[in-house]
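Each chain, letter by letter, is given below.
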Amino acid sequence: MILNEDTLKKATLALSIFFLSLENHDNTRLIIIFAILFIYFIIHPKSYLNKNILKVLFSISFLIMTVSIFSHYEWLSYVNNMTNYGSIDFFGTMVFKLILIAICFYISGLESKVLADSVKIVIAIHVSVFFFQLIVVYSTGYYIDLLQPFTGEASRYTWGVRLPIIGNTYRPTGFYNEPSTYSAFVICLFILRYHITNKIDKLDKALLASLFLSLSFASIFCAFFLMYFIKNNKENYKLKFLLATTVVVTLIPFVIDLLVLRTSGNYDAIGMRLGLFDVIFNQSMLDIFFGSGPVGVPREIEYLVNNPGASWARQGLPALNDNGLGTFILMKFGVIGLILLLGILKFNLKSNRHFLCSLVILITKLKYTSFIFLIYIFYVFIRKNMKHSHSV
């Protein structure tokens, strides 16, 4: 063999997960992933199937098939009112993604260290790029956009906010279109790795720092929650609490300025998010309990979803996932679907600390169809079958 087997596994997984994480880039990135996987199986062919991976693949696929059938026949409160996206499209896309993810876990050999080290490499790439963008834009005013050259969509790193002392502020986005999207993906990767290693290292601290420096309210909110939940070192806790309190008090004037800017003028970010809650909870009880389904939306916003040129902001509404993954799942699968997800997380994660960390993902702007979230869910299901090299 040219490469050590573990090195080959980690390199293949890291590259595959990295390209899967580039959600704002188009699907041509999948060609690169197929090439990576093809090379791996040429170098290191395997002839057996792992029954635990197959079991998880079929279990999740069965859940997807169930909601797809409900959507197709419009049972309960499920509707099929999204143009050019039906239940068959949803089922096919999701099963394809799950098969690709199952192959990744198959390559890992269900070795937790291999998965953790691979995710660490992906996190290191994302965080390094964030800080590189941060340093360059604040020192030169030039922003290294890693999205527009590939998709034509410019990253939204400016927001017209000036702060005392600092002056113009910028919000690095990494490989994504906006800072909150960057935060959503790195938070999910961070929590996945934390579930495996059960500890925090310097890279994780750099990641948490990037959430604050992104100047995204959602990101900062998530960072505070994560710092609170992951306090496994109880020594010096009072000192840490005092330092955290000092930082918060110091930042209050800046936060107030930012809130005023974000809720004034023609763009009321908070008001728009409250407007989406109104849409969801002003439906019938059946809709609230079971949702609109994976290929449906509340009838009040059906026009906006099916007309790409329509302005959500003019209607006083944000994008569907701007209120967070939890709200998105609530809209799609109702209270019952959200409770089912929470039950799955609690049952499989066991530890209260790990369960609470998983809830932070529901605050982010991830979609439940995102590759990285599906990798996380796949891990949650198969966690008990992983070969743990770290204490969890």
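Look up a bit, the structure's there.
All figures in this text were calculated on a predicted structure; none of them were measured in a lab.

The rules behind these values
Residues numbered from 1 in each chain as written. Predicted model: local features only at pLDDT ≥ 70, side-chain atom pairs only at ≥ 80, totals over all residues. Heavy atoms only, no water. Salt bridge = Lys/Arg side-chain N within 4 Å of Asp/Glu carboxyl O. Buried < 20%, exposed > 50% of the residue type's maximum accessible area, 1.4 Å probe, protein only. Axes fitted to C-alpha atoms, helices over the stretch in contact; angles between N-to-C directions. Helix = DSSP H or I, 4+ residues; strand = E, 2+ residues; numbered from the N terminus. Left-handed = near helix turned anticlockwise from the far one by under 90°. Contact = heavy atoms within 4.5 Å. Nonpolar A, V, L, I, M, F, W, Y, C, P; charged D, E, K, R; others polar. Core = buried A, V, L, I, M, F, W, Y, C linked by side-chain atoms within 4.5 Å. Expected span 1.5 Å × (residues − 1). Arc of directions from axis to C-beta. Patch = residues over 30% accessible without salt bridge, like charges linked within 9 Å, V, L, I, M, F, W, Y side chains within 5 Å. Areas by Shrake-Rupley, 256 points an atom, 1.4 Å probe, with all protein chains shown as cover. Lys, Arg positive; Asp, Glu negative; His and termini not counted. Charge placed at Lys NZ, Arg CZ, Asp CG, Glu CD. Phe/Tyr/Trp six-rings, centres within 6.5 Å; stacked < 30°, edge-to-face > 60°. Polar contact = N/O pair within 3.5 Å; in protein donor to acceptor, adjacent residues only side chain to side chain.

Asks: I'm lost on the pattern of salt bridges in this one. Help?
Replies: Any two side chains of opposite charge can pair, on the condition that their charged atoms come close. Within the structure shown, the criterion is met by 11 salt bridges. Here R156 and E153 are joined by a salt bridge, their closest N and O atoms 3.8 Å apart. Classification of R156 by relative accessible area gives partly exposed; the value is 41%. Salt bridges sharing partners connect three or more residues here, namely E153, R156, E178, D322 and K365.

Asks: Just to check I follow, could you spell out the packing of helix α2 (residues 29–43) against helix α4 (residues 87–108) for this structure?
Replies: In a packed pair of helices, the relevant descriptors are the angle between the two axes and the axis-to-axis distance. Running from N to C, α2 and α4 point in directions that differ by 35°, and their axes come no closer than 12 Å. The two elements α2 and α4 cross, and the hand of that crossing is left-handed. Every residue of α4 that contacts α2 at L30, F34, L37, Y40 and F41 is listed here: F96, L100, I103, Y106 and I107. Residue composition of the contact of α2 with α4, by class: 10 nonpolar, no polar and no charged.

Asks: Where do I start with the nonpolar core in this structure?
Replies: Note that soluble globular proteins tend to have their nonpolar side chains buried in a common cluster. Counting 104 residues, the largest nonpolar core has F105, I191, L226, Y376 and F378 as its most contacted members. With residues up to four places along the chain from it excluded, the contact list for Y376 reads C188, I191, L192, H195, L345, L349, S358 and I361.

Asks: Honestly, the environment of W159 in this entry has me stumped. Any pointers?
Replies: Relative to the assigned elements, W159 resides in strand β1 (residues 158–163). Judged by its relative accessible area of 16%, W159 falls in the buried class. Along the primary structure W159 and R171 are separated by 12 residues, whereas in three dimensions their C-alpha atoms are 7.9 Å apart.

Asks: I keep staring at helix α3 (residues 51–72) and nothing clicks. Help me out?
Replies: Side chains three or four residues apart in an α-helix point the same way, a direct result of the helix having 3.6 residues per turn. Taking 1.5 Å per residue, 22 residues should reach 32 Å; α3 reaches 31 Å between its end C-alpha atoms and fits that length. For α3, the complete set of buried residues consists of I53, V56, L57, I60, S61, I64, V67, S68 and S71. Looking down the long axis of α3, one finds its buried residues gathered within 120° of arc, a one-sided arrangement. For α3, exposure combined with an orientation more than 90 degrees from the buried face picks out K51, K55, F58 and F62.

Asks: Explanation requested: a positive patch on the surface in the structure shown.
Replies: Taken together, the side chains of K51, K55, K350 and K384 define a basic patch exposed on the protein surface. In this structure K350 comes out as exposed when scored by relative accessible area, which is 56%.

Asks: Sorry, what's going on with the packing of aromatic side chains here?
Replies: Here the distance between the centres and the angle between the planes together describe a pair of aromatic rings. Under the definition given, this model contains 23 aromatic pairs. Ring geometry for F225 and F229: centres 5.6 Å apart, planes at 45°, overall tilted. With F225 and F229 both in helix α9 (residues 217–229) and 4 residues apart, this pair spans about one turn of that helix. Judged by relative accessible area, which is 31%, F225 ranks as partly exposed. Classification of F229 as buried rests on a relative accessible area of 14%. On the basis of an interplanar angle of 35° and a centroid distance of 5.5 Å, the ring pair of F328 and Y368 is categorised as tilted.

Asks: Even after reading the chapter, I still don't get helix α8 (residues 202–213), so can you show me in this structure?
Replies: Under the 1.5 Å per step criterion, the end-to-end length of α8 is 16 Å for 12 residues, consistent within 8% with the ideal 16 Å. At its buried positions, α8 is contacted by α5 (112–140), α7 (179–197) and α9. Residue D201 occupies the N-cap position of α8, its side-chain oxygen lying 3.2 Å from the main-chain nitrogen of L203. Just downstream of α8 lies L215, where phi reads positive at about 60°.

Asks: Whenever I open this one, the environment of T93 confuses me. Can you help?
Replies: By secondary structure assignment, the location of T93 is in helix α4. By relative accessible area, which is 35% here, T93 ends up partly exposed. When the C-alpha positions of T93 and T369 are compared, they lie 8.9 Å apart, and in sequence the two are 276 residues distant.

Asks: Just to check I follow, could you spell out unusual backbone geometry for this structure?
Replies: The backbone of L215 sits at a positive phi, close to 60°, despite the residue not being glycine. Here L215 is to be found in the loop between α8 and α9. In the Ramachandran plot, K350 falls in the positive-phi region, its phi being about 65° despite a non-glycine side chain. Along the polypeptide, K350 turns up in the loop between α14 (325–349) and α15 (352–361).

Asks: How do you make sense of a nonpolar patch on the surface when you look at a structure like this?
Replies: Nonpolar side chains collect at one region of the surface, where F62, L63, M65, I69, Y73, W75, L76, F91 and L286 lie side by side and expose about 840 Å² of accessible area between them. A total of 4 residues in the nonpolar patch trace back to one element, the largest contributor, which is α3. Locating F62 in the fold gives a position in helix α3.

Asks: I tried to follow the side chain of T364 on my own but got confused; where do I start?
Replies: Mapping T364 onto the fold places it in the loop between α15 and α16 (371–382). From its side chain, T364 meets the backbone oxygen of I361 in a polar contact 2.7 Å long. Excluding its chain neighbours within four sequence positions, the residues that come into contact with T364 are A184, I187, C222, G324 and L325.

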